[in-house]
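Residue strings, one per chain:
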Amino acid sequence: MSVISTTTLPEVDSTPPLLGSNLAQLTAWVQQQGQASYRGKQLYEWIYEKGARSLDEITVFPKKWRENIQDIPIGRSTIHHRSVAPDGTVKYLLRLADGQTIETVGIPSFKRGREGKNSLTQHSTLNTQHSPKERLTVCVSSQVGCPMACDFCATGKDGFIRNLAPHEIIDQVLTVQADFQRRVSHIVFMGMGEPLLNTENVVQAIACINQDIGIGQRSITLSTVGIPRQILKLAEHQWQITLAVSLHAPNQALREKLIPTAHRYPLEKLLADCRQYVEITGRRLSFEYILLAGVNDLPEHAEQLAKHLRGFQSHVNLIPYNPIAEADYQRPSRDRVQAFADALKQRHIAVSVRYSRGLSADAACGQLRTKNSGVQEFRSSEG
Ligand code: SAH
């Protein structure tokens, strides 16, 4: 019998990054390294609170041990490009260990009701005293690219490269936290990719963001276009996170035109799964509805949508379209947007209009992409 020598196999870096491990796992790891268990707590604090980027930085560790382990990755990305919008929104292009890049957005704001001049303050002036009313939301990516190919979305135009690993999702939160020098308060999975095509890694990342970084489940929103069986799989966790479902159309035919993959998940079945999600988790669900002038914003569309959602414990977020170069859609006027919202309200549907932050910065919903964006600066507010 011939034996293949292991030395002939290609060399693979099999050391898993430490980021994403909980306290018990890190404690077990330091013990395997022949260290006392309290070093696990130290490692945990340096990774999640101090934001250590390499083991060599952890000065409380004995120097000799540090030298031995300095090449073991924590799993942090590097900021390849960073740009700040006039409203304080910061867009990052992050480089991963294999050279792939993803976008992440940091959005500083005030709780609703306090929005005003102050909410436009540049983040760099906010790093000392923060009132509890100040929010810092991170819009995270779950994949490099996206395979869903929604007709109105820039990310989908570049195709799909790969899923992100849990540590690559968690890193985005720590990176924004370190850059803003303040705690992140909210997470939205609305960056690049479809989170429910990467459910296992996204679930692991959410558990860590919640338990190890300390962001409350109710401050985490997962946005999905809907993948068969995955909404119910997510429901099994019975988490208190907010599920946002990108509906965008009130009937199957129009939905398939906007979201080609929707043919695999009939609207009736998607809505039935959403109802079950609400039953299992006890959480109200959000529906996102992009408004495209003359396409899905007519009175009959509002009427059809209201019919589907009557009596459903949900909230509709209307997102006026953010124009992208590759699509011919138009954003409806403010009056048309308001008329659509009013038509839903009259039918007792809870509704909000969400104008994206960072719009002038190509950092708005659906505008994240790696191709061509690496060196793109935010346009000025007058632009
Ligand atoms: N794949 C997930 C999450 C990423 S997109 C999803 O589809 O929900 C986050 C939100 O931005 C989605 O509701 C998406 O439909 C919306 N979006 C995409 N392109 C947009 C655009 N050009 N203008 C406004 N919203 C857009």
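Please read these numbers as outputs of a predicted model, since none were measured by experiment.

A.B. asks: Whenever I open this one, the environment of V245 confuses me. Can you help?
C.D. replies: With respect to the element layout, V245 can be found in strand β9 (residues 242–246). C-alpha separation for the pair V245 and F287, spaced 42 residues apart in sequence, amounts to 4.8 Å. Not counting residues up to four positions away in its chain, the partners in contact with V245 are T224, I231, L270, C274, L285, S286, F287 and E288.

A.B. asks: Would you take a moment to explain the site of the ligand for this structure?
C.D. replies: Around the ligand sit 20 residues in total, of which F152, S223, S246, H248 and N322 are the nearest. Contact between the ligand and G193: a nitrogen atom at 3.1 Å from a main-chain N or O atom of the residue. One of the backbone N or O atoms of T224 is found 3.4 Å from an oxygen atom in the ligand. Expressed as a share of its isolated accessible area of 530 Å², the protein-covered part of the ligand is 97%. Contributing elements (two or more residues each) for the shell around the ligand: β8 (220–224) and β10 (285–291). Looking at the shell around the ligand, its residues break down into 10 nonpolar, 8 polar and 2 charged.

A.B. asks: Any chance you could explain the packing of aromatic side chains here in plain terms?
C.D. replies: We describe a pair of aromatic rings using the distance from one ring centre to the other and the angle between the two ring planes. Scanning the entire structure with this criterion turns up 6 aromatic pairs. On the basis of an interplanar angle of 50° and a centroid distance of 4.6 Å, the ring pair of F61 and W65 is categorised as tilted. In terms of burial, F61 and W65 fall into one category: buried. Site record: aromatic cluster; members linked through ring pairs are W29, F61 and W65. Taking the ring centre of W46 as reference, the NZ or CZ of K50 above it sits at 5.2 Å. Its end group placed over the ring of Y355, R334 keeps NZ or CZ at 4.1 Å from the ring centre.

A.B. asks: I would appreciate a short explanation of the pattern of salt bridges in the present structure.
C.D. replies: Close approach of charged atoms allows side chains with opposite charge to pair. Per the counting criterion, the structure on display carries 12 salt bridges. Ionic pairing is found between E45 and K41, a salt bridge with its closest N-O pair at 3.3 Å. Note that E45 and K41 are positioned in helix α2 (residues 38–48) at a spacing of 4 residues, about one turn of the helix. Using a relative accessible area of 28% as the deciding quantity, one classes E45 as partly exposed. As a salt-bridge pair, E303 and R347 come within 3.9 Å of each other at their nearest N and O atoms.

A.B. asks: Help me understand the environment of H315, please; the structure alone is not making it clear to me.
C.D. replies: Mapped onto the fold, H315 is located in strand β11 (residues 314–320). Along the chain, H315 and F287 lie 28 residues apart, while their C-alpha atoms are 6.2 Å from each other. Not counting the four nearest positions on each side in its chain, H315 is found in contact with R284, L285, S286, F287, A350, V351 and S352.

A.B. asks: Looking at this structure, how should I read the packing of helix α1 (residues 23–32) against α2?
C.D. replies: The geometry of a pair of packed helices is captured by two quantities: the angle between their axes and the separation between those axes. Put simply, α1 and α2 touch, their axes get as near as 8 Å, and they point 125° apart. Viewed along their axes, α1 and α2 adopt a mutual orientation that is oblique. Crossing geometry of α1 relative to α2 is assigned as right-handed. Of the residues in α2, those in contact with L23, L26, T27, W29 and V30 of α1 are R39, G40, K41, L43, Y44, I47 and Y48. Looking at the contact of α1 with α2 residue by residue, the class counts come to 8 nonpolar, 2 polar and 2 charged.

A.B. asks: Looking at this structure, I do not really get the nonpolar core. What am I missing?
C.D. replies: Generally speaking, soluble globular proteins have nonpolar side chains that are buried together. If you look at the biggest cluster of nonpolar residues, it comprises 101 residues, and the most contacted ones within it are L43, F152, I187, F287 and L344. Residue contributions to this core reach at least three from each of two domains, namely domain 1 (23–69) and domain 2 (101–361).

A.B. asks: Whenever I open this one, helix α5 (residues 166–180) confuses me. Can you help?
C.D. replies: Taking 1.5 Å per residue, 15 residues should reach 21 Å; α5 reaches 22 Å between its end C-alpha atoms and fits that length. When you tally the buried positions in α5, you get 13 out of 15 residues, the bulk of the element. Positive backbone phi, approximately 50°, marks Q181, located one or two places after α5.

Definitions and cut-offs
- Residues numbered from 1 in each chain as written.
- Predicted model: local features only at pLDDT ≥ 70, side-chain atom pairs only at ≥ 80, totals over all residues.
- Heavy atoms only, no water.
- Helix = DSSP H or I, 4+ residues; strand = E, 2+ residues; numbered from the N terminus.
- Contact = heavy atoms within 4.5 Å.
- Near = heavy atom within 4 Å.
- Polar contact = N/O pair within 3.5 Å; in protein donor to acceptor, adjacent residues only side chain to side chain.
- Areas by Shrake-Rupley, 256 points an atom, 1.4 Å probe, with all protein chains shown as cover.
- Nonpolar A, V, L, I, M, F, W, Y, C, P; charged D, E, K, R; others polar.
- Phe/Tyr/Trp six-rings, centres within 6.5 Å; stacked < 30°, edge-to-face > 60°.
- Buried < 20%, exposed > 50% of the residue type's maximum accessible area, 1.4 Å probe, protein only.
- Lys NZ or Arg CZ within 6 Å of the ring centre and 35° of its normal.
- Salt bridge = Lys/Arg side-chain N within 4 Å of Asp/Glu carboxyl O.
- Axes fitted to C-alpha atoms, helices over the stretch in contact; angles between N-to-C directions.
- Parallel < 35°, antiparallel > 145°, perpendicular 65-115°, else oblique.
- Left-handed = near helix turned anticlockwise from the far one by under 90°.
- Core = buried A, V, L, I, M, F, W, Y, C linked by side-chain atoms within 4.5 Å.
- Domains from an automatic or database assignment.
- Expected span 1.5 Å × (residues − 1).

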